[in-house]
Amino acid sequence: MDRRAAAVGDLERRIGHSFEDRELLERALTHASVGDGAKKVRDNEVLEFIGDRVLGLLAAEALALRYPKAKEGELAPRLNALVSRETCARVARKAQLGPALRLSASSSKIGGRETDSILAGATEALMAALYQDAGLGAARAVFLDLWADEFERAGEGRPRDPKTALQEWAQGKGRPLPTYRVLDRTGPDHAPVFTVEATVVGVDPAIAKGKSRQEAEKAAAKALLDREGAV
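Residues numbered from 1 in each chain as written. Predicted model: local features only at pLDDT ≥ 70, side-chain atom pairs only at ≥ 80, totals over all residues. Heavy atoms only, no water.

(A) Examining the nonpolar core more closely. Counting residues in each nonpolar core, the largest one holds 46 residues, and the members touching the most others are Met 127, Phe 143 and Trp 147. Put simply, the parts of the chain that give this core at least two residues each are helix 1 (3-15), helix 2 (22-28), helix 3 (45-66), helix 4 (72-82), helix 5 (85-94), helix 7 (116-134), helix 8 (136-146) and helix 9 (148-154). Residue contributions to this core peak at 10 residues, all from helix 7. (Core = buried A, V, L, I, M, F, W, Y, C linked by side-chain atoms within 4.5 Å. Buried < 20%, exposed > 50% of the residue type's maximum accessible area, 1.4 Å probe, protein only. Helix = DSSP H or I, 4+ residues; strand = E, 2+ residues; numbered from the N terminus.)

What follows is the structure in structure tokens.
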């Protein structure tokens, strides 16, 4: 048995599910880079799309049971945290998913088995494969096991995304939604620097820089939250 085959077997034991449909499992673990060559293979991109929805349902269901008195506005940021790329990558590492992945030689060589985006996509694909192989109950059991620690993270403090946190803070104050304005863009096309202003009615705006407009908006939102003590 080769090293990857052993890793696939270890992964199944770790999640407590042996796949009936072996091709389905193989597809869930196959990154799109494998299809870069002459021989086209079925990769995990469609399963990743399905898995995103499966995870959303399972997370919403679990949060509603865990916090029965919470309002939608309180549950939404926790759900976003549970299904985020960072969380899915962390879960993949917990399950030791990386060694079981099927990557192109080049992707593997540059560390693809430890890349958040690849690990997160494979985690979503695996959840879709579980759902298709054995139903929602099997996917739910694995979700509740692998994500157990993440529920505590999702309940800590304000959401990780500063823009979401600022939006909720503004709504909690009865104010309009925050607005963002690009004040400046400098640097070459391959390495731009954006300067963005975040504004909430009733308080002074905050300004921050970032390597993309989105990064700068998040930085400005965080700056405003920190200044206002909105924790």
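(B) Structural detail: the sheet that holds strand 2 (residues 193-199). Spatially, three strands are ordered 1-2-3 in an open sheet, and the strand pairing comes out antiparallel. Of all strands in the sheet, those with a lone pairing partner are strand 1 (179-186) and strand 3 (206-210), marking the two edges. Neighbour-to-neighbour, the strand axes of this sheet turn through a mean angle of 25°, independent of strand direction. Relative to strand 3, strand 2 runs antiparallel, the two being bridged by five bridges. Residue pairing for strand 3: Thr 195 is matched across the bridge by Lys 209. (Pairing = 2+ DSSP bridges. Axes fitted to C-alpha atoms, helices over the stretch in contact; angles between N-to-C directions.)

(C) Region of interest: helix 5. Among the residues making up helix 5, those that are buried are Thr 87, Cys 88, Ala 89, Val 91 and Ala 92. Looking at the buried positions of helix 5, the neighbouring elements they touch are helix 3, helix 4, helix 7, helix 8 and helix 9. Phi turns positive one or two residues past the end of helix 5, at Gln 96, with a value near 55°. (Contact = heavy atoms within 4.5 Å.)

(D) Structural context of unusual backbone geometry. Despite not being glycine, Gln 96 has its phi angle at roughly 55°, a positive value. Along the chain, Gln 96 turns up in the loop between helix 5 and helix 6 (105-109).

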